[in-house]
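Here are the chains, one letter per residue:
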Amino acid sequence: MIIEIQFTADPIQVAAVALPSREIGAVIEFHGIVREMEGTELLEGLFYEAYESMARKVLETHLIELGELHGCAAVCFIHRTGWVPVGEASLYIRVASSHRAEALRFLGDTIDRLKLDVPIWKHNKPQS
Amino acid sequence: MKNLQLLAFANSSDAFGFSKSEVACAAEDTPLTIVTRIAPHVDRTYLRVALDGEFVTWNTPVADARELAFLPPVSGG
């Protein structure tokens with residue numbers, strides 16, 4: 001499986017899709033967007049902190065395992081760090097596979113694993 | 001004795017009073033003995049620990065690790 005992991009303090013820029021083979025039948029993209037309301041709090045954005053070296057290792061382990069489990073061919077994972085204003089993406093995942101079902105399962109499991117033990121944290125900065 | 005870099009992430013940096021620090025320790029020291037020595041007031045129950053980027057238990061000797069990280073529950077995404 002082709003795995004690309006990026007952390008960036010800048011707005012997420014996504015490269016054009018490069019299909020890893022002619023067997024790819026599904027490419028699914030997910031943009032996780034910072035919302036204005038967090039519970040009852042009105043936010044201007046969220047601040048993301050990552051233990052980047054460890055996050056890369058933990059994430060790569062998960063992605064390799066999920067790639068084998070679901071039979072996907074490639075994944076591009078990008079996470080913002082620092083301040084992310086409301087309306088901008090904090091997370092981007094693109095997964096490619098032969099069929100949509102594998103890619104959808106891979107995507108869902110990746111986000112579940114991200115929230116399980118990948119050392120990234122967000123801090124609320126409520127609007128004053 | 002050797003120097004071990006300490007990293008405290010997210011709200012654990014408030015509890016420890018630093019986000020990055022350094023401590024002198026022995027190879028047989030563990031995250032538990034280090035925290036008991038430098039920050040006995042810190043509530044460890046919500047924290048996980050990692051040595052050189054690998055999750056370990058509180059009773060794992062630091063051995064030749066260079067970095068000990070304190071990790072609150074994650075919330076990425």
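In this text, all values refer to a predicted model and were calculated from it rather than measured experimentally.

Residue and element names in this part refer to chain A. Contact pair helix α1 (residues 52-70) / helix α2 (residues 100-117): the axes reach a minimum separation of 10 Å and the direction vectors enclose 150 degrees. Looking at the two axes, α1 sits roughly antiparallel to α2. Seen from above, α1 lies across α2 with right-handed handedness. Of α2, the residues touching α1 (which contributes Val58, His62, Leu63, Leu66 and His70) are Glu102, Arg105, Phe106, Asp109, Thr110, Arg113 and Asp117. Classifying every residue of the contact of α1 with α2 by side-chain character gives 4 nonpolar, 3 polar and 5 charged.

Another aspect to go through is the sheet that holds strand β3 (residues 48-51) of chain B. Residues and elements named next belong to chain B. If you trace the 5 strands from one edge of the open sheet to the other, you get β2-β1-β5-β3-β4, paired in mixed fashion. The open sheet terminates on both sides in strands that have one partner only, identified here as β2 (20-25) and β4 (54-56). Across the sheet, the mean angle separating the axes of adjacent strands is 35 degrees when strand polarity is ignored. As defined by bridge partners, β3 adjoins strand β5 (residues 67-71) across 4 bridges and the pair is classed as antiparallel. Within the sheet, the bridge partner assigned to leucine 51 lies in β5 and is leucine 68. Most of the contacts of helix α2 (residues 31-38) go to β2, to which it runs at about 105 degrees, and overall it touches β2, β3 and β5.

With that out of the way, let us pick up the interface of chain B and chain A. Between chain B and chain A, the residue contacts involve 12 residues of the former and 18 residues of the latter. Class assignment for the residues of the side of chain B that touches chain A results in 8 nonpolar, 4 polar and no charged.

Right, let's talk about the nonpolar core for a bit. Grouped together as the largest cluster of nonpolar side chains are 51 residues, with contacts concentrated most on Ala55, Val75 and Val95 of chain A together with Phe9, Leu68, Ala69 and Phe70 of chain B. Looking at this core, the element that brings in the most residues is strand β5 (residues 72-80) of chain A, giving 7 residues.

Moving on to α1 of chain A. All names here are of chain A. Relative to the 27 Å expected for 19 residues at 1.5 Å per residue, α1 spans 26 Å between its end C-alpha atoms, a close match to the ideal helical length. Along α1, the positions that sit buried rather than exposed are Met54, Ala55, Val58, Leu59, Leu63, Leu66, Gly67 and His70. Trailing α1 by a residue or two, glycine 71 shows a phi angle of about 70 degrees, which is positive.

Parameters at a glance
- The written sequence of each chain sets the order in which its residues are numbered from 1.
- Key to labels: chains lettered from A, ligands numbered from 1, both in the order written.
- pLDDT decides what is reported in this predicted model: residues at 70 or higher carry local features, side-chain atom pairs at 80 or more are listed and counted, and totals for whole chains, interfaces and linings draw on all residues regardless.
- Only the stretch in contact is used when fitting a helix axis, every axis being a line fitted to C-alpha atoms; angles between N-to-C directions are given from 0 to 180 degrees.
- The secondary structure listing takes helices from DSSP runs of H or I that are at least 4 residues long and strands from runs of E that are at least 2 residues long, numbered from the N terminus.
- Orientation is classified from the angle alone, with under 35 degrees giving roughly parallel, over 145 giving roughly antiparallel, 65 to 115 giving roughly perpendicular, and any other angle giving oblique.
- Two helices that cross are described as forming a left-handed crossing if the nearer one is turned anticlockwise from the farther one by less than a right angle, and a right-handed crossing if clockwise.
- Note that contacts rest on C-beta atoms placed from the backbone: two residues are in contact if these are within 7 Å.
- The residue classification treats Ala, Val, Leu, Ile, Met, Phe, Trp, Tyr, Cys and Pro as nonpolar and Asp, Glu, Lys and Arg as charged. All others, Gly included, are polar.
- Pairing between strands requires that DSSP locate at least two bridges from one strand to the other.
- Here, a nonpolar core denotes buried Ala, Val, Leu, Ile, Met, Phe, Trp, Tyr and Cys residues that are linked to one another through C-beta atoms within 7 Å.
- Any residue with 12 or fewer other C-beta atoms within 10 Å of its own C-beta is exposed, any with 20 or more is buried, and the rest are partly exposed; the C-beta atoms used are placed from the backbone.
- The span expected for a helix works out to 1.5 Å for each residue beyond the first.

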